[in-house]
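Remarks on the overall topology
Below, each chain spelled out in residue letters.
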Amino acid sequence: MLTGAQIRMARGLLRWSVKDLAEHSGVSTATIKRMEEVDGVPKSIADNLSKIQTVLEKSGIQLIPENGGGAGIRLRSRADGTRDEH
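As named in an unreviewed UniProt entry, the protein chain is HTH cro/C1-type domain-containing protein, taken from Methylobacterium indicum.

Time to look at the UniProt feature "domain: HTH cro/C1-type" (unreviewed entry) in the protein chain. When the UniProt feature table is mapped onto this chain, "domain: HTH cro/C1-type" (unreviewed entry) is found at residues 7–36. Helix makes up 80% of residues 7–36 and strand 0%, with an end-to-end C-alpha separation of 6 Å.

Buried within helix 3 (residues 29–36) are the following residues: T31, I32, M35 and E36. Down the axis, helix 3 shows its buried residues gathered within 130° of arc, on one side only. Among the structural elements, helix 1 (4–14), helix 2 (18–25) and helix 4 (46–58) are those in contact with the buried residues of helix 3.

In an α-helix, one turn spans 3.6 residues; hence positions three or four apart end up facing the same way. Looking only at helix 2, the buried set comprises V18, L21, A22 and S25. Buried residues of helix 2, seen end-on, are gathered within an arc of 100° and therefore sit on one face of the element. Seen from the open side of helix 2, the exposed residues pointing more than 90 degrees away from its buried face are K19 and E23. As for helix 2, its buried residues are in contact with helix 1, helix 3 and helix 4. Two residues or fewer after helix 2 comes G26, characterised by a positive phi angle close to 80°.

Calculation rules
Residues numbered from 1 in each chain as written. Predicted model: local features only at pLDDT ≥ 70, side-chain atom pairs only at ≥ 80, totals over all residues. Heavy atoms only, no water. UniProt positions renumbered as here; feature names shortened; annotations may be inferred. Helix = DSSP H or I, 4+ residues; strand = E, 2+ residues; numbered from the N terminus. Buried < 20%, exposed > 50% of the residue type's maximum accessible area, 1.4 Å probe, protein only. Arc of directions from axis to C-beta. Contact = heavy atoms within 4.5 Å.

What follows is the structure, encoded as structure tokens:
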């Protein structure tokens, strides 16, 4: 499940503001800010988390689940070794 820290990290990697993510996902800036303040999975309408996760993944973000070292993200690489454009 998507965490507040992953949302913050993904925005940083994509160089998106909260407003950019709101425009791409259809989730309000206030909701995104509230989600990002949470340690762990934000309590939110599941549809809002889904919208954010979908737009981040379509933009090349891969979510790395908690595996003992903490949840994280990375930018998807293409088969030719280059990074996806965002």
